[in-house]
Amino acid sequence: MGDLIQIVVAKYNYWIYITLMMIGLYAMIVKNNLVKKIVGMNIFQTAIILFYVSTGAKRGATIPILEHGHGDHGAGAHMVHAVDYINPLPHVLMLTAIVVSVATLGVALALAIRVYSRYNTLEEDEILAQIREK
Amino acid sequence: MKIIGLIIALVTGVLLIGATGDFPDWADPASPASTHLSPHFIEKTMEETSVPNIVTAVLADYRGYDTMYETAVIFTAGLACFILLRIFVREEPGDRLYRHLLTGVTVRVKEGMELPPSEDFERIDATWTPPDLIIKTVCRFLIPFIQLFALYVIAHGHHSPGGGFQGGVILGASIILLAISQDLRTSVRRLREKLDAVLCAVGVIIYAGTGALCLLLGLNFLDYSALASVLHCDPVTARSHGILIVEIGVGIAVMCTMIWIYNNVSSTGKYDEGL
Amino acid sequence: MIWELDLAILTLVVMAGIGAITVKDLLGAAILFGAYSFMMCLLWSIMGAVDVSFTEASVGAGVSTVFFVAAVFRTTRRTKD
């Protein structure tokens, strides 16, 4: 029992991130409305970014901006220990991911507006019924 | 359909939770993500590029190739929105609504007829709301300061959190604020559509052009220490200046794309009535 | 890395996420999505990812919400599910 508590305390935050991802996935599959599907896609994307950024955290370390950065250039700099700063690599990759997600959102909303102007509805089952009637 | 979706989500969730047994503990300094490449970045950034913000240095210098293609992706998304939605109408379409400024009377002008040009009538949208003096005035005061802050964010990407993307998005948001608080036609008059699209491409060209310049000067593509001969400084400072130039390119491209997408989405391509 | 604050904001994030896909008003879904984005930004600030948090605040809770509201304005606001 103590072992189980140990596992839960060490890993509970990963479980919450997976819950968020599954909420987004469920919304993308099940919801009929196109805009709700797009909201589910963005929830999924943001949850993935949260998961990646959380792998870069380090206990007792500070943000990845070097202190004493203004005075010294090149030689004579202070010794920098990698253990004092959190891992900057996931942050770099996730910056790209966030901006790509907003670009994808723009194109998805443009497609939804075109579908609405053609079929006059945003519900998926009504659109499929109108297509089958043709 | 709902049951199938629920089962799929639950099964995937359970499989992923089972996989977390292998993950390292949270915030562990000895996890594999923090031990192979990132100590090199943290320790060598200051002496190789003299930029204290490690994230900006890695984004624009060590991983500059990724960022160049990401800027191209943003430009492509703006272009895709434009191609999907934009409708070019040659003449004023359908019924238009005009409002007499002095008395508040609304006049509907039918298709094909013309109103004699005079100062007393203004064109209004179909979903017109009375102009709110407070919102209009406050937004007009705020927009220059928002743009100044955005320029500060771009320029200080080396020493504080920020950089090209954040500053570019804030610049775009300032023009979108002008379009929301007043009229879409007002903001299009300030920043015309053709200039917007051309600036977007210019941003990508600045980034790729800097890389090509480094190639022409003899070193690898996007190796900014080649700029030392152009800028008359040592290679370490040349890398810092190269990062600043590409951040400016990224900022311009992102600003113009945000404005472009907003204009197209909120007017469904017709550019006459907005949000 | 105060774990109490972390847990409280994570709970709010999950509630905003479930709310954004459940409400029947699309404008409400757009605003709840903006709230979800902003809570994520707070989470990343706590973890020390200041650049990512800045970007998400300006992009997710700013421009992305405006795009959603503009698209809902141009299509329809009600939905059946």
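Cut-offs applied
Residues numbered from 1 in each chain as written. Chains lettered and ligands numbered in written order. Predicted model: local features only at pLDDT ≥ 70, side-chain atom pairs only at ≥ 80, totals over all residues. Helix = DSSP H or I, 4+ residues; strand = E, 2+ residues; numbered from the N terminus. Rg over C-alpha atoms; globule rule 2.2 N^0.38 Å. Core = buried A, V, L, I, M, F, W, Y, C linked by C-beta atoms within 7 Å. Buried ≥ 20, exposed ≤ 12 C-beta atoms within 10 Å, placed from the backbone. Expected span 1.5 Å × (residues − 1). Axes fitted to C-alpha atoms, helices over the stretch in contact; angles between N-to-C directions. Parallel < 35°, antiparallel > 145°, perpendicular 65-115°, else oblique. Contact = placed C-beta atoms within 7 Å. Nonpolar A, V, L, I, M, F, W, Y, C, P; charged D, E, K, R; others polar. pLDDT = per-residue confidence, 0-100. Left-handed = near helix turned anticlockwise from the far one by under 90°. Pairing = 2+ DSSP bridges.

J.: Could you clarify how one ought to interpret the overall build of chain A in this entry?
T.: Looking only at helices and strands, chain A features four helices and zero strands. Each helix (α) and strand (β) of chain A, taken in turn from the N terminus, gives the series α-α-α-α. In terms of overall size, chain A is more extended than a compact globule, its C-alpha atoms giving a radius of gyration of 23 Å where 134 residues would be expected to give roughly 14 Å. Taken along its principal axes, the extent of the C-alpha atoms in chain A is 75 × 50 × 15 Å.

J.: What's the story with the nonpolar core in this structure? I'm lost.
T.: Soluble globular proteins: nonpolar side chains tend toward being buried together. By size, the foremost hydrophobic cluster in this structure holds 120 residues, and its most contacted members are Tyr262 and Val265 of chain B together with Phe67 of chain C. Broken down by element, the residue count for this core peaks at 15 residues, all from helix H10 (residues 235-266) of chain B. Cys214, Leu222, Leu227 and Ala238 of chain B belong to the second-largest nonpolar core, a separate cluster that totals six residues.

J.: Help me understand H10 of chain B in this model?
T.: Since the α-helix turns once every 3.6 residues, residues separated by three or four places project in the same direction. All names here are of chain B. The end-to-end C-alpha distance of H10, which contains 32 residues, comes to 47 Å, matching closely the 46 Å that a straight helix rising 1.5 Å per residue would cover. By the criterion of burial, H10 is predominantly enclosed, with 25 of the 32 residues buried. One or two residues past the end of H10 sits Thr268, with phi positive at roughly 45°.

J.: How should I be thinking about the packing of helix H2 (residues 38-49) of chain B against helix H3 (residues 54-62) of chain B in this particular structure?
T.: Helix-helix packing is described using two parameters, namely the angle between the two axes and the distance between the axes. Residue and element names in this part refer to chain B. At their nearest, the axes of H2 and H3 sit 10 Å apart, and the two run at 70° to each other. Overall, the two elements H2 and H3 adopt an arrangement that is roughly perpendicular. For the pair H2 and H3, contact is made by Phe41, Ile42, Thr45 and Thr49 and by Ile54, Ala57, Val58, Asp61 and Tyr62, respectively. Among the residues making up the contact of H2 with H3, the classes are represented as six nonpolar, two polar and one charged.

J.: Can you help me understand the confidence of the model for chain C in this one?
T.: When pLDDT drops low, the exact placement of atoms in the prediction is not to be read closely. Residue and element names in this part refer to chain C. With 99% of its residues at a pLDDT of 70 or more, chain C has an overall mean of 90. Mean pLDDT across the secondary structure elements of chain C bottoms out at helix H1 (residues 3-22), with 91, and peaks at helix H2 (residues 26-47), with 93. For this predicted complex, the interface score ipTM comes out at 0.91, alongside a pTM of 0.88.

J.: Explanation requested: helix H4 (residues 64-85) of chain B in the structure shown.
T.: Helix length check: H4 of chain B (22 residues) gives 32 Å between terminal C-alpha atoms against 32 Å at 1.5 Å per residue, within 8%. Of the positions making up H4 of chain B, those classed as buried are Gly64, Thr67, Met68, Glu70, Thr71, Ile74, Phe75, Ala77, Gly78, Cys81 and Leu85 of chain B. Of the surrounding elements, those touching the buried residues of H4 of chain B are helix H3 (89-119) of chain A together with H3, helix H8 (193-216) and H10 of chain B.

J.: What exactly am I supposed to notice about the interface of chain A and chain B here?
T.: Facing 46 residues of chain A, the contacting portion of chain B comprises 51 residues. Secondary structure elements with two or more residues in the side of chain A that touches chain B: helix H1 (2-30) and H3 of chain A. Take the side of chain A that touches chain B: its biggest share by element is 16 residues, from H3 of chain A. Each residue belonging to the side of chain A that touches chain B can be placed in one class, and the counts come to 30 nonpolar, twelve polar and four charged.

J.: Hey, could you run me through the packing of H1 of chain A against helix H2 (residues 34-54) of chain A in this one?
T.: All names here are of chain A. Two numbers describe how H1 lies on H2: the axes approach to 7 Å, and their chain directions differ by 160°. Between H1 and H2, the crossing angle belongs to the class labelled roughly antiparallel. For the element pair H1 and H2, the recorded crossing hand is left-handed. Across the interface between the two elements, Asn13, Tyr17, Leu20, Met21, Ile23, Gly24, Leu25, Ala27 and Met28 from H1 touch Lys36, Lys37, Val39, Gly40, Met41, Ile43, Phe44, Ala47, Ile48, Leu50, Phe51 and Ser54 from H2.

J.: Even after reading the chapter, I still don't get the pairing of strand S2 (residues 106-109) of chain B, so can you show me in this structure?
T.: Residues in a regular strand point their side chains to alternate faces of the sheet. Residues and elements named next belong to chain B. Note: strand S1 (residues 96-100) against S2, four bridges, orientation antiparallel. Among the inter-strand pairings, Tyr98 is bridged to a residue of S2, identified as Val107. The hairpin turn running from S1 into S2, its antiparallel successor, is five residues long, and Gly104 in that turn takes a positive phi close to 85°.

J.: For this particular structure, what's the right way to read the interface of chain C and chain A?
T.: Accessible area lost when the parts come together is the quantity often used to give the size of an interface. The partner chain A presents 37 residues to the 37 residues of chain C that form the contact. Broken down by secondary-structure element, the contributors of at least two residues to the side of chain C that touches chain A are H1, H2 and helix H3 (50-74) of chain C. In terms of residue count, the dominant contributor to the side of chain C that touches chain A is H3 of chain C (13 residues). When its residues are assigned to classes, the side of chain C that touches chain A shows 23 nonpolar, nine polar and five charged.

J.: For this particular structure, what's the right way to read the environment of Arg190 of chain B?
T.: Residues and elements named next belong to chain B. With respect to the secondary-structure elements, Arg190 resides in helix H7 (residues 184-190). When the 12 C-beta atoms within 10 Å are taken as the criterion, Arg190 is described as exposed. Put simply, Arg190 and Ala80 are 110 residues apart on the chain and 23 Å apart in space, counted from C-alpha to C-alpha.

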